[in-house]
Amino acid sequence: MQKECEQSILTRELQHLADEYHAAPTTLKPVILDDMDLLYDALALLEDGWQSSR
């Protein structure tokens, strides 16, 4: 259950950042992409940790 909650939070944050990216000025887009990359990495680690604990 905790994994699903964490995934949901990270996914919502990614959606929020995607919306911000589209509205952001060009100078901020690389910063937002970096944040999105970190969230994708966190999701991957969460999935890897869940699979290895089976």
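Model, not experiment: these values are computed from the prediction.

Novice: An account of the overall build of the chain is needed here, citing residue identities and associated values.
Specialist: What the chain contains, in helices and strands, is two helices and zero strands. In terms of overall dimensions, the chain has a C-alpha envelope of 45 × 15 × 10 Å along the principal axes. Taking all 54 residues of the chain together, the buried fraction comes to 19%. Total accessible area computed for the chain in this model is approximately 4100 Å², and 58% of it derives from carbon and sulfur atoms.

Novice: Outline the environment of A42, supporting the account with residue identities and numerical values.
Specialist: Position of A42 relative to the elements: it lies in helix α2 (residues 29–52). Residues A42 and Q7, 35 residues apart in the sequence, show an inter-C-alpha distance of 9.1 Å.

Novice: How would you summarise the nonpolar core if you had to cite specific residues and measurements?
Specialist: Core analysis: the biggest nonpolar cluster contains eight residues, these being L10, L14, L17, A24, I32, M36, L39 and L43. Broken down by secondary-structure element, the contributors of at least two residues to this core are α1 (2–23) and α2. At four residues, the largest contribution of residues to this core is made by α2.

Novice: Help me get a handle on the side chain of K3, residues and values and all.
Specialist: Within the fold, K3 resides in helix α1. For K3, a relative accessible area of 14% puts it in the buried group. Looking at K3, its side chain comes within polar contact range of the side chain of E47, at 3.4 Å.

Novice: Could you give an account of the pattern of salt bridges, naming the residues involved and the relevant values?
Specialist: The full count for this structure, using the stated rule, is one salt bridge. Of the charged contacts in the structure, one is a salt bridge between E47 and K3, with a shortest N-O distance of 3.4 Å. Taken together, the residues E47 in helix α2 and K3 in helix α1 connect sequence positions 44 residues apart. Given the relative accessible area of 24%, E47 is considered partly exposed.

Parameters at a glance
Residues numbered from 1 in each chain as written. Predicted model: local features only at pLDDT ≥ 70, side-chain atom pairs only at ≥ 80, totals over all residues. Heavy atoms only, no water. Helix = DSSP H or I, 4+ residues; strand = E, 2+ residues; numbered from the N terminus. Buried < 20%, exposed > 50% of the residue type's maximum accessible area, 1.4 Å probe, protein only. Areas by Shrake-Rupley, 256 points an atom, 1.4 Å probe, with all protein chains shown as cover. Core = buried A, V, L, I, M, F, W, Y, C linked by side-chain atoms within 4.5 Å. Polar contact = N/O pair within 3.5 Å; in protein donor to acceptor, adjacent residues only side chain to side chain. Salt bridge = Lys/Arg side-chain N within 4 Å of Asp/Glu carboxyl O.

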